[in-house]
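Listed below are the residues making up each chain.
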Amino acid sequence: MKTINDYIAVNGLSVRSYKGRRWQQSRTDKEQCRRLARKLLRPLWQVELLYQRQLYDAGQINDFINPSLHNLPSPFEFKAMRQAARLIREMAAKGRPLVIVGDYDVDGVTSAALLGRFLKHLSPKIFRCHPDRFKDGYGLKARLVTDCCPDCQGLVITVDCGISDSGEVASLKESGWQVIITDHHQPPPHLPKADIIINPWLAGCSFPFKELAGVGVAFYLTMGVRNLLVAEGFWSKTEAPNLKNLLDLVAVGTVADMVNLKGPNRIMVKAGLEISGHKQNIGLRSLMAVSAARDKPLDAEYISFQLAPRLNAAGRMNHAELASELLATDDDSLAAQMARSLDLENSRRKELTSQISGQALDIAASDKSRCLLIHGRDWHEGLIGIVASRVVDQFARPVIVMAGEGQLRGSARSIPGVNMYDLLARCGDLLTTFGGHAAAAGMSLAENKLPAFKERLETEAREMMGELDCQPIQALDLYINQDMDLKELLNFNELLQPFGQGNPEPIFFTDCALRNIRLIGKDKNHLRFEALFNHKWYKGIGFGLNKRAAQSLADCYNQCAIAFNLRYNQFRGQKTIELQLLDFLIPETE
Ligand SMILES: [Mn+2]
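What you see is a predicted model, and the numbers here were worked out from it, not measured in a lab.

J.: Looking at this structure, I do not really get the overall build of the protein chain. What am I missing?
T.: The helix and strand inventory of the protein chain stands at 20 helices and 20 strands. Taken over C-alpha atoms, the radius of gyration comes to 25 Å for the protein chain, in line with the 25 Å a tight globule of 590 residues would show. Out of the 590 residues in the protein chain, the part that is buried amounts to 42%. For the protein chain, the proportion of contacts with a sequence separation of at least 24, taken over those separated by at least 6, is 65%.

Right, here's the structure in full:
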């Protein structure tokens, strides 16, 4: 296999990455790609990009390129789907209340709003509730149900939560409620004694794609109920609700929950982004109106950077009900008002996050531990997860950020190769509670055990990580030759959208001449330049790059090795190709 140096040699000097990353090209099998390229009548570079997305045969590639709702697996592939649909129909027919309980994040609020919107067609007695992050913590709480429906027993349906809440399910059952759990989290060894559990990970569940978000599972439940009712002639006089209109919520929840965007997720998200163009959901429409202006249809990036933070701000700063209500309402002026409140919460959230991140990054900079443990007594508990992600991004080591006093709450983020859940389990006897998975986890801890925890964490992390190389990696997908057509590349790039987990945006690399390198922005922290391809100069931008970067680039301007994304930039109705600089190589000095 070729190494980066086979492609790029900056004046014969040995080089290092400006951002201190190890440049690493994604794996492909040239021979197999060539064969596929001939079969599909596509250029080799296209097939290589697809192959890097784990699409290894013509069938997979065609399904990926042409996602179709007709290819969604049937809802009845889910274990117990038919029973769930029957129970919902039966309870609605009896006039019993249906209480939806969702988590407090974007996945949870989109799930609850979606299911609520659908169930309104069956019954007027629909309630939605979400736990209070600060009072209740994560998951199903019996209190939530009895608070919104004090003395009537009906049916509880969880979305995006509940699979680990045996105790709460038992107490609901005791007080006469029926319970359907729908969730996408890993089931524990002992399942709660609910009436029905819908979860793709359940033993014996034959649903072929496991990585749905909570909102994907909720959407499948609506498909199951609708299919059953259509078969029974429930909508013989009126038209059955069109589930396609709910896919915008599926798109928002699925993208925000960072699940694998392949298979059914890709099909649903892509269709959801398309229908979002008609702006059916009044709440989403109002939220877009207070977010960054935009003259293109919704895409995954806009969800991740504009809509999701605003929807999450409710649960982080205050209470998730505001976001859930916004997505469920059909009242224009109410929606506009709620969207404005969310936007304000989000501004407050942003300001606090950057304040805390600054402090956390300062502490991290002087800490040489293999696993960073950072604590701030007055840090906001709803924000420590975001702060932990920022520290990981910068230091490429596992990180735990804790807040509070007395009883501390912590949020952990890890790097590939270090299973955070396992690491915490090795310190389990010191922790009050902990849970999560390989990449992210949460915990609580008595403050007086903090020093012991820090020491143990370091010992265990050293043992687990061994000689693990923590140098951050700059992934590279495709080397661009000077004779390639950037427009053709970019058009194919657009076809691969939406980008996310399992389908990352392609990263290109090349060596080319640059000119007009200069700093822009009010803080002079973005960098503008032009790059030469095929005798044409193209505009480029590097976000968050300073004077030092500009100087380094200028030093190697006539042959610069750069890693970048390709984007269309829309400005005053003009569509131009733009390079987004991610990293570049500079000569090794010492
Ligand atoms: Mn979720």
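Let us keep going from here.
J.: Got a minute to help me understand the nonpolar core in this structure?
T.: A general trend in soluble globular proteins is that nonpolar side chains are found buried together. One finds Leu114, Leu115, Val250, Ile303 and Leu342 to be the most contacted residues of the largest nonpolar core, which totals 89 residues. Counting residues per element, this core draws most heavily on helix α13 (residues 300–317), which supplies nine residues. Excluding residues within four positions of it along the chain, Leu115 makes contact with Ile100, Ile157, Val159, Ala218, Leu221 and Thr222. In this structure, Tyr18, Phe509, Ala549 and Leu579 belong to the second largest nonpolar core, which totals 37 residues.

J.: What am I meant to see in the sheet that holds strand β10 (residues 407–413) here?
T.: In a beta sheet, neighbouring strands are held together by backbone hydrogen bonds and run either parallel or antiparallel to one another. Read across the open sheet, the five strands follow the order β8-β9-β10-β12-β11; overall the sheet is mixed. If you trace the sheet from one side to the other, it starts and ends with β8 (372–376) and β11 (433–436), each paired once. Ignoring strand direction, the axes of neighbouring strands in this sheet form an average angle of 15°. Bridging between β10 and strand β12 (residues 440–446) involves seven bridges; their strand directions are antiparallel. Note on β12: the bridge partner recorded for Ser411 is Gly442.

J.: Would you mind going over the environment of Gly102 with me for this structure?
T.: Tracing the backbone through its elements, the reader meets Gly102 in strand β3 (residues 98–102). Taking the C-alpha atoms as reference points, Gly102 and Glu345, separated by 243 residues in sequence, lie 20 Å from one another. Once you skip the residues sitting within four places of it in the chain, Gly102 turns out to touch Gly108, Val109, Ser111, Ala112, Arg128, His130, Val159, Asp160, Cys161 and Ser324.

J.: What should I look at first to understand the packing of helix α12 (residues 282–290) against helix α15 (residues 332–365) in this one?
T.: Relative placement of two packed helices is described by the angle separating their axes and the distance separating the axes. Relative orientation of the contacting elements α12 and α15 amounts to 45°, with a least axis distance of 8 Å. With respect to each other, α12 and α15 are oriented oblique. The chirality of how α12 crosses α15 is right-handed. Of α15, the residues touching α12 (which contributes Ile282, Gly283, Ser286, Leu287, Ala289 and Val290) are Asp332, Ala335, Ala336, Ala339, Arg340, Leu342 and Asp343. For the contact of α12 with α15, the residue count by class is eight nonpolar, two polar and three charged.

J.: Quick question: what am I supposed to make of the packing of helix α6 (residues 106–119) against helix α9 (residues 214–231) here?
T.: Contact geometry for α6 and α9: axes closest at 8 Å, N-to-C directions at 10°. Relative to α9, the element α6 is oriented roughly parallel. For the pair α6 and α9, the contacting residues are Asp107, Gly108, Thr110, Ser111, Leu114, Leu115 and Phe118 in the first and Gly214, Val215, Ala218, Phe219, Leu221 and Thr222 in the second. Looking at the contact of α6 with α9 residue by residue, the classes come out as seven nonpolar, five polar and one charged.

J.: Any chance you could explain unusual backbone geometry here in plain terms?
T.: For residues that are not glycine, phi is negative in most cases, and the peptide bond is trans in most cases. Cis peptide bonds are those with omega within 30 degrees of zero, and the linkage from Gln497 to Pro498 qualifies with -5°. Tracing the backbone through its elements, the reader meets Pro498 in the loop between α19 (486–496) and β15 (508–512). Here Gln54, not a glycine, exhibits a phi torsion of approximately 60°, which is positive. In this fold, Gln54 is placed in the loop between α3 (44–52) and α4 (58–65). For Gln54, a count of 12 C-beta atoms within 10 Å translates into the label exposed. Backbone geometry at Asn516 places phi at a positive 55°, although glycine is not the residue there. You can see Asn516 is positioned in strand β16 (residues 514–520).

J.: Is there a simple way to think about the pairing of β12 in this case?
T.: In the case of a regular strand, side chains alternate between the two sheet surfaces. Of the two faces of β12, the one holding Ala441, Met443 and Leu445 is buried and the one holding Ala440, Gly442, Ser444 and Ala446 is not buried anywhere. Summarising the sheet, β11 and β12 pair through four bridges and their orientation is antiparallel. Looking across to β12, one finds that Gly436 is bridged to Ala441. Here β11 folds back onto β12 in antiparallel fashion, the turn holding three residues.

J.: Quick question: what am I supposed to make of helix α11 (residues 263–276) here?
T.: Given 3.6 residues to a turn, an α-helix orients residues that are three or four positions apart in the same direction. Over its 14 residues, α11 extends 20 Å from the first C-alpha to the last, a length consistent with the 20 Å expected when each residue adds 1.5 Å. Taken across its 14 residues, α11 has 10 buried, putting it largely inside the fold. Gly263, Pro264, Asn265, Arg266, Ile267, Met268, Val269, Gly272, Leu273 and Ser276 are the residues of α11 that are buried. In this structure, the buried side of α11 is in contact with α4, α9, α10 (247–256) and α12.

Reading the values: the criteria
Residues numbered from 1 in each chain as written. Predicted model: local features only at pLDDT ≥ 70, side-chain atom pairs only at ≥ 80, totals over all residues. Helix = DSSP H or I, 4+ residues; strand = E, 2+ residues; numbered from the N terminus. Rg over C-alpha atoms; globule rule 2.2 N^0.38 Å. Buried ≥ 20, exposed ≤ 12 C-beta atoms within 10 Å, placed from the backbone. Contact = placed C-beta atoms within 7 Å. Core = buried A, V, L, I, M, F, W, Y, C linked by C-beta atoms within 7 Å. Pairing = 2+ DSSP bridges. Axes fitted to C-alpha atoms, helices over the stretch in contact; angles between N-to-C directions. Parallel < 35°, antiparallel > 145°, perpendicular 65-115°, else oblique. Left-handed = near helix turned anticlockwise from the far one by under 90°. Nonpolar A, V, L, I, M, F, W, Y, C, P; charged D, E, K, R; others polar. Expected span 1.5 Å × (residues − 1).

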